[in-house]
Structure formats: structure tokens, C-alpha cells
Amino acid sequence: MAISTKTRRKLWSFSGQLCAWCKKPLVHDISDDTFSIIGDECHIHSGQKGGPRYDSSFPQEKIDGFSNLILLCKAHHKIVDDNPEVYTAVTLKKMKKEHEEFVKKKLIVKTEERAKYLSRLTSGADILNVISNILQFGFYTDEPENHAETELLSRFIETVNNYSDIYSSIESGRLIEVGYGLSQMLKEVEDAGFWVFGIRENQTPQYQGMENEKWPTGIIQIYRSNNPSIIRADSAFEGSD
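Conventions and cut-offs
Residues numbered from 1 in each chain as written. Predicted model: local features only at pLDDT ≥ 70, side-chain atom pairs only at ≥ 80, totals over all residues. Heavy atoms only, no water. Pairing = 2+ DSSP bridges. Helix = DSSP H or I, 4+ residues; strand = E, 2+ residues; numbered from the N terminus. Contact = heavy atoms within 4.5 Å. Axes fitted to C-alpha atoms, helices over the stretch in contact; angles between N-to-C directions. Salt bridge = Lys/Arg side-chain N within 4 Å of Asp/Glu carboxyl O. Buried < 20%, exposed > 50% of the residue type's maximum accessible area, 1.4 Å probe, protein only.

1. A closer look at the sheet that holds strand S6 (residues 136–141)
Item 1. Ordered by their spatial adjacency, four strands build an open sheet running S5-S7-S8-S6, and the pairing between neighbours is mixed. Two strands lie at the open edges of the sheet, namely strand S5 (119–120) and S6, each paired on one side alone.
Item 2. Bridging between S5 and strand S7 (residues 194–203) involves two bridges; their strand directions are antiparallel. Of the residues in S7, the one forming a bridge with Arg120 is Phe197.
Item 3. The sheet contacts of helix H6 (residues 172–191) involve S5, S7 and strand S8 (215–224), and relative to S7 the element is tilted by about 125°.

Here's what the structure looks like:
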């Protein structure tokens, strides 16, 4: 087996293109259309007997899965594989989880600095327009009031995020099917009393050494339909020339 394109995109996206250990950027731009990858997709459990952190009970079909991969710079990849008794599977899984939470928080902080006005999304096609070929995904939801709302909003955000990860690999014909499915989910969210808003922006990643970068970013925000911060577009611009 090998790491799939979908898994690779998810790993690099959830890791923010940074080493999970030192937070060093792992993509180095040479010119506008040329870059070098200076990071490694590392296995937590090796798939080879005698390899770092090999576990005979670990399912072979999960060796190249997202949960068994961590993104590291080449130096730290060598350190963890040369010292598996120190950098155990438990240690690396903890490092991976904490790093992904770090990246998520960074993106959410930036999301809260978005433009003032977002458009309401009323179809799956609207959602796809926001998340097509993005490098960052940010979201916000009003606080759910019960378990059912929590499950609904979590499922919706996770589905949208997953499609943002694999958008470039979705065949043109299947985009119609994906858009229809998102429209159905959007109706569920609206029936529960929420409205979905979104915007697509080029934003600077909040990582050291990337201050001059601009990444296409999709932002999805969910508000209760009676939230007082929701205003009509004509009211927002009333009196402006």
C-alpha cells in the first residue's frame, strides 16, 4: 500500500505544512511556480518488522492511514526513528494531536479577524465555491444547546472540511452529486434554526517565516437565524455611496 492523495492532502492541511515538533515550515518557495518540499510524512508505527515502533498487532491496512502519520522536518524524522524507545507511538500520537490542535486554533484566530460581512450560503454549490482548492479552512458556530445540535453542526463542518481536503481530486461529474448532498445537509441545518454564511479570502498564515505568504482560505460560519448580528445586505450598506 501507499499513502493516498486524499490522506496526504489531509495530513498536510491539518498540520498547516509545519513540522509537528519544531513548527518549521516544510514548503520552501523557489519562485512563483517552483517550490521544494523539506518535510517527511512519517509513520508512527512502522509497517516493516524491526522498523521504528513496529507493532505486530497494528492492522496493516491502517499503516498508511491518516491516524498513523505525522508530519516532521527531516531532522526530527531521523531523531524519532533513531530513538524509538524514547519517541514511542504514544509520544508521537500525543505530539500529532497537540500540533493539529495548535494549527486549528491558529486558523480560528485568523478567521475571527475576517471581513465584516459574509454572504449567506443557500446551496451546496455556494459551499463548494467557498472551499474549492483552498489551503486553509476556518469555521465558527454559535453555541449548540443540546446533543442533537452538537452532532448536526459537527457532522456538517466535518463534511465540508473533508470536501475541502479532496476537492481537487473530485471528478467534474461527481461535483454535482457532492453539491446536492451538501444542499441536503444545509437544509437540515436550516431546519434546526441555523443559517450558514461563508467567504473566500486570501489570508496570511499565522506561522513564523510565512509572513509574506497569501493562502486561499475558505471560511464557514454558522449562526442561529435569530442572532442579532445578522443583518440585511441593504441595511449594511444603507447610506453609503
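From this point, the discussion proceeds with the structure in view.
2. A short note on the pattern of salt bridges
Item 1. On inspection of all chains with the given rule, the structure shows twelve salt bridges.
Item 2. Between Glu100 and Lys96 there is a salt bridge whose closest N-O contact spans 3.0 Å. Of this pair, Glu100 and Lys96 both sit in helix H3 (residues 89–111), four residues apart, which is roughly one turn of that helix.
Item 3. The exposure class assigned to Glu100 is buried, which follows from its relative accessible area of 15%.
Item 4. As a salt-bridge pair, Arg174 and Glu177 come within 3.3 Å of each other at their nearest N and O atoms. In this pair, Arg174 and Glu177 both sit in helix H6, three residues apart, roughly one turn of the helix.
Item 5. Exposure remark for Arg174: the relative accessible area of 38% places this residue in the partly exposed category.
Item 6. One salt-bridge network, held together by shared partners, links Glu145, Glu149 and Arg224.

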